Amino acid sequence: MKKLIELITCEVEAAFEAAGYDKSLGRVTVSNRPDLCEFQCNGAMAGAKQYKVKPIDIANAVAENLTDSQVLSEVNAVMPGFLNLKIKNEFLADYLNKMSSTDKFGQEMPEQGQKVIVDYGGPNVAKPLHVGHLRSAVIGESVKRIEKFFNNDVIGDIHMGDWGLQMGLIIYELSLRKPELPYFDDNFEGEYPKEAPFTISELEEIYPTASKKSKEDEVFKAAAMEATKKLQNGVRGYRALWNHILNVSVTDLKKNYNRLHVNFEQWNGESTVHNLIPGMVDMMKATGLAYLSDGALVVDVKEESDTKEMPPCMILKSDGASLYNTTDLATLMMRRDEEDPKHIIYVVDKRQGLYFEQVFRCARKTGVVKDDCELTFLGFGTVNGKDGKPYKTRDGGVMRLESLLEEIYQGMLSKIRENTSLSDEEACDIAEKVALAAVKYGDLSNQASKDYIFDMEKFSSFEGDTGPYILYTIVRIKSILKKYEEQGNSVSDIDITSCEEPSWKALGLNLTGMHAALESAFSEIAPHKICAYIYDLANAFNRFYHENKILIEEDENKKRSWIATLKLTRDILEQCIELLGFEAPERM
Ligand code: ARG
């Protein structure tokens, strides 16, 4: 359905036209003086220049034509030529009913969805997730849900780092620690054990140890590079070991992402496209776009309009090994051939911006993406501690995502236990939901590209612009609706009818703002727009709640209309948090 503001604009445009002026002058916006009016139109000001008439004369003529409007209750032409508008409460009530009874609250959307891939998560196998990975997971999941809401056919791909030197480092370190394992015996022809020769915690210790050694010891590094190459060339024992590393890691990753309510349709990694690389390289050589430079194979991606340095995109190192770029390009090619997406969105640390610019340009130039496929780099900022430096544990180490979630959860659990008589099971369930909302909203309410300060206390607060505040508001509405039912009423099949309370109207107008908020979250790929919207909506509801005694209202018609308005508020809030990737408990 049309947005409320579009309907009002239609009315005002017609009034301009009837007064003999260009209808495009009738554009209406939400008022920036809510104390004076709800909507405004400044078209008379622009019209004055065009028609050489005083703006107030135009405004008066337009206002005259709106006196019997079915939509507007008040039209005031004020100096020097503004039109201040208020809409009829009956019209608002009807509009809200239509929102309630229409699929997706009447949100307008493209009829034909398109294939979209969101590349997010991007964990590195055998390395624990840290707060940096939180952003990619949380933002990517929300972006994916928003895309889906707008009818697109979306695939989320985790794109794991599972193929480079990090794998060789682990394998080589293991060969030193457990040389007796059959994986290192070149003459072994039997079946390799099903059980992995390490646990996830061992793996997470092996990697940093090996990584440190390689930085200090050239010989170690060379051996690890050799192991990487043997793995990539398909040496049987190395592949088997790599499979163990992958399995153990993925099991652990799934546990972490599940807790975050983050789900991937595809669990591809850099390794997935390994076999596609030779063909891609041949193609790039054949077209003459790829050439040797100091032994490495590169593609120029500089453009004349560049103001900053734009190095060529490296396809193969001088030793013939593939790089991060190579697997990203081959992945684009695979997606082109298997999914034919119209849009790919990468949710990655913004420090990789230049890298992706190179990859995108190279991909376009060499045709590994089709011309009709849009590529978007959604770069996110750093998670900082209160000191403004990258977030660390108390003793200065890297904060593991697991520990972070657990800490917030425990804090929330004790808060919830303090003042309730809930069963243990329910308290845990609530704490989990509220903790997730705290973390996700704390992240998503910031524009993705900005750095933000991870402030556990602030994010967990039940007041202010936080996830728990939004959940608390939803729970409050749910509890009113439940009590209403306990009074012997039904909450289904009730309509919103016009009410005169200003706080009711303010809430109603806020509800109509959903269309614009979701539309811009979608078109700008900006989940924070949804956060800003629901924060305003929650405030409007709470104002209404404090000004009116809903359950003891004696006028049954009014009470019913209020309850119906509450229901719509709850439904819209729940829809919005679903798009952000969390949910509300029944009580808290
Ligand atoms: N694994 C990478 C990292 O930790 C992120 C992957 C991002 N996605 C991609 N298609 N390159 O930096």
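Residues numbered from 1 in each chain as written. Predicted model: local features only at pLDDT ≥ 70, side-chain atom pairs only at ≥ 80, totals over all residues. Heavy atoms only, no water.

Caption draft 1: Local environment of the environment of Y324. Note on placement: Y324 falls in helix 11 (residues 324–338). Residues Y324 and M314 lie 10 residues apart in sequence; the distance between their C-alpha atoms is 9.4 Å. Not counting residues up to four positions away in its chain, the partners in contact with Y324 are E270, Q352 and Y355. (Helix = DSSP H or I, 4+ residues; strand = E, 2+ residues; numbered from the N terminus. Contact = heavy atoms within 4.5 Å.)

Caption draft 2: Just the site of the ligand, in detail. Around the ligand, the neighbouring residues are D119, G122, N124, H159, Y324, D328, Y346, V348, Q352 and F356. For the ligand, a nitrogen atom lies 2.9 Å from a polar atom in the side chain of N124. D328 is positioned with one of its side-chain polar atoms (N or O) 2.8 Å from a nitrogen atom of the ligand. Burial of the ligand by the protein chains amounts to 85% of its free accessible area of 350 Å². Elements represented by at least two residues in the shell around the ligand include exactly helix 11 and strand 10 (343–349). For the shell around the ligand, a count of residues per class yields four nonpolar, four polar and two charged. (Near = heavy atom within 4 Å. Polar contact = N/O pair within 3.5 Å; in protein donor to acceptor, adjacent residues only side chain to side chain. Areas by Shrake-Rupley, 256 points an atom, 1.4 Å probe, with all protein chains shown as cover. Nonpolar A, V, L, I, M, F, W, Y, C, P; charged D, E, K, R; others polar.)

Caption draft 3: Looking closely at the sheet that holds strand 8 (residues 296–299). On the basis of which strands lie adjacent, the open sheet formed by three strands has the order 7-8-9 and antiparallel pairing. With one partner strand each, in any of the chains shown, strand 7 (290–293) and strand 9 (313–316) form the two edges of the open sheet. Between one strand axis and the next, the sheet turns by 45 degrees as a mean value, whatever way the strands run. Of the strand pairs in this sheet, strand 7 and strand 8 are connected by four bridges, and their pairing is antiparallel. What sits directly across from S293, in strand 8, is A296. (Pairing = 2+ DSSP bridges. Axes fitted to C-alpha atoms, helices over the stretch in contact; angles between N-to-C directions.)

Caption draft 4: Layout of empty space enclosed by the protein. Within the structure shown, the criterion is met by four cavities of 30 Å³ or more. In this model, the largest cavity occupies a volume close to 60 Å³. Lining the largest cavity, in full, are N124, V125, A126, K127, P128, L129, I200, E204, S249, D252 and L253. Of all elements in the fold, only helix 7 (200–216) and helix 9 (236–259) reach the threshold of two or more residues within the lining of the largest cavity. When residues of the lining of the largest cavity are assigned to their parent elements, the largest contribution, three residues, is made by helix 9. In terms of residue class, the lining of the largest cavity is made up of six nonpolar, two polar and three charged. (1 Å grid on protein atoms, 1.4 Å probe; cavity = no way out; pocket = protein on both sides within 12 Å on 5 of 7 lines; lining within 4 Å. Points joined across faces, edges and corners; volume = space filled by probe spheres on them.)

Caption draft 5: Examining the side chain of T327 more closely. Residue position: T327 is located in helix 11. Of note is the side chain of T327, whose polar atom sits 2.9 Å from the backbone oxygen of Y324. Here T327 is in contact with E270, V273 and I277, once residues within four sequence places are set aside.

Caption draft 6: Representation of the nonpolar core. Core analysis: the largest hydrophobic core is formed by 158 residues, its most contacted members being I8, F454 and I572. Within the second largest apolar cluster, 33 residues are counted, among which are I277, F360, V368 and C373. (Core = buried A, V, L, I, M, F, W, Y, C linked by side-chain atoms within 4.5 Å. Buried < 20%, exposed > 50% of the residue type's maximum accessible area, 1.4 Å probe, protein only.)

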